[in-house]
Amino acid sequence: MQVVVGAGAVGSVVARLLVARGEQVRVITRSGTGPDGAERIAADAMTGLTDYVAGATAIYSCAGPPYNKWTTEWPRLGAALVAAAEASGAVLVSTGNLYGYGAVDGPMSEDLPLLPNTVKGQVRAKVWTAALAAHQAGRIRTAEVRGSDYLGAGAVSPFSVTVLPKVIAGKRGMMPGDLDVPHSWTYVGDVARLLIAVADDESAWGRAWHVPTPEPLSVRQLATLAAELAGAPSAKVASMPTLVLRLAGLVDPAAREMVEMLYQWQRPFVVDSTAATVAFGIKPVPVADALREMIGKGRDEL
């Protein structure tokens, strides 16, 4: 049995891919939702996860607390996942991100030290470090898969929220930061494929892997491409003043939490995914295909 914790953009794809290859799949979410073909369980992963993982061979961590609750809930969720892996003997493969590296010069590879410069980066680094320590102590088996900002159906990022819908509608989108610096964009389906590949390969455990990711594009380049693919007028995008974001944060918790992450949008933010691309032979889905998926889903929901 394969257990998927979370049914968001990544977890849903993981579950569907596993069902498609004939696996028994159990999806655990607070709401009890999940793709067809999977057993769906409504449970709080922070408190009752071990009750649902007996007999599992792999646990995929694809859930996450609300952005404004990371400091209190991520440590609890991380500890619950480690406890579930230890109780069941299943390999724990977690969906991570690049926050733990902090602000670096040059592309980010897996051999960089974790030197987070933000509270959220510190939280994610501590969760991974605790899981890795349990692996090294022989208590569990684990690995982490890290991607950059997501593209694809269901992806949530500053671009998908504040720019893409506006561009499709022929209006002006706004994002904080420098719109012309290179930025890596990771397809949610490639995250799912790498999670499964790592879970299947014992030699891949005990370390982090970067999801195969295409060459970076700036926010302006991505918006321009999105407009072309959507048949919309030429993209109009402007840089949102930091003050506007701070003011929005007075009433919007998500906007408030974005302020400390602005460094990712003010300088090049590029992932080096050579290691996983070579090790697993996963060719990243082109950015244009990921955008088409998002555009199609957006129109279906109108």
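Shown above is the structure to which this text applies.
This structure is a prediction, so every number in the text was calculated from the model and none was measured.

A.B. asks: Can you break down the sheet that holds strand β6 (residues 141–146) residue by residue, with the values?
C.D. replies: Strands sit in the order β3-β2-β1-β4-β5-β6-β10 across an open sheet of seven strands; the sheet is parallel. The two strands at the open ends of the sheet, each matched to only one other strand, are β3 (39–42) and β10 (208–210). Neighbour-to-neighbour, the strand axes of the sheet open up by a mean angle of 20°, direction not taken into account. Bridging between strand β1 (residues 2–5) and strand β4 (residues 58–61) involves four bridges; their strand directions are parallel. Each residue of the ladder has a partner; that of V5, found in β4, is S61. Against the sheet, helix α3 (residues 70–88) touches β1, β4 and β5 (91–96), its axis set at about 170° to β4. Contacts between helix α4 (residues 119–136) and the sheet are confined to β5, β6 and β10, with β6 contributing the most and set at about 150° to the helix.

A.B. asks: Before we move on, can you summarise the packing of helix α1 (residues 9–20) against helix α7 (residues 188–200) with the specific residues and values?
C.D. replies: Two elements in contact, α1 and α7, have axes separated by 8 Å at closest approach and are oriented at 55°. Judged on the interaxial angle alone, α7 and α1 are oblique. Judged by the twist between their axes, the crossing of α1 over α7 is right-handed. Judged by residue contacts, A9, V10, V13, V14, L17 and L18 of α1 engage V188, G189, V191, A192, R193, L195 and I196 from α7. Partitioning the contact of α1 with α7 into residue classes produces 11 nonpolar, one polar and one charged.

A.B. asks: Residues and numbers for the packing of aromatic side chains, please.
C.D. replies: For the coordinates displayed, the defined rule picks out six aromatic pairs. Measuring from centroid to centroid gives 5.8 Å for W185 and W265, while their planes differ by 45°, and the two rings are tilted. With a gap of 80 residues between them, W185 in strand β9 (residues 185–187) and W265 in helix α11 (residues 263–266) connect regions that are remote in the sequence. Through successive ring pairs, a cluster of aromatic residues spans Y67, W70, W74 and Y99.

A.B. asks: Residue-level account of helix α8 (residues 219–230), with values.
C.D. replies: In this model, α8 (12 residues) spans 16 Å end to end at C-alpha, consistent with the 16 Å of a helix rising 1.5 Å per residue. What α8 keeps buried is the set V219, L222, A223, A226, A227 and A230. The buried residues of α8 occupy one face: seen down the axis, they fall within an arc of 135°. At the C-terminal side of α8, G231 shows a positive phi close to 65°.

Rules used in this analysis
- Residues numbered from 1 in each chain as written.
- Predicted model: local features only at pLDDT ≥ 70, side-chain atom pairs only at ≥ 80, totals over all residues.
- Heavy atoms only, no water.
- Pairing = 2+ DSSP bridges.
- Helix = DSSP H or I, 4+ residues; strand = E, 2+ residues; numbered from the N terminus.
- Axes fitted to C-alpha atoms, helices over the stretch in contact; angles between N-to-C directions.
- Contact = heavy atoms within 4.5 Å.
- Parallel < 35°, antiparallel > 145°, perpendicular 65-115°, else oblique.
- Left-handed = near helix turned anticlockwise from the far one by under 90°.
- Nonpolar A, V, L, I, M, F, W, Y, C, P; charged D, E, K, R; others polar.
- Phe/Tyr/Trp six-rings, centres within 6.5 Å; stacked < 30°, edge-to-face > 60°.
- Expected span 1.5 Å × (residues − 1).
- Buried < 20%, exposed > 50% of the residue type's maximum accessible area, 1.4 Å probe, protein only.
- Arc of directions from axis to C-beta.

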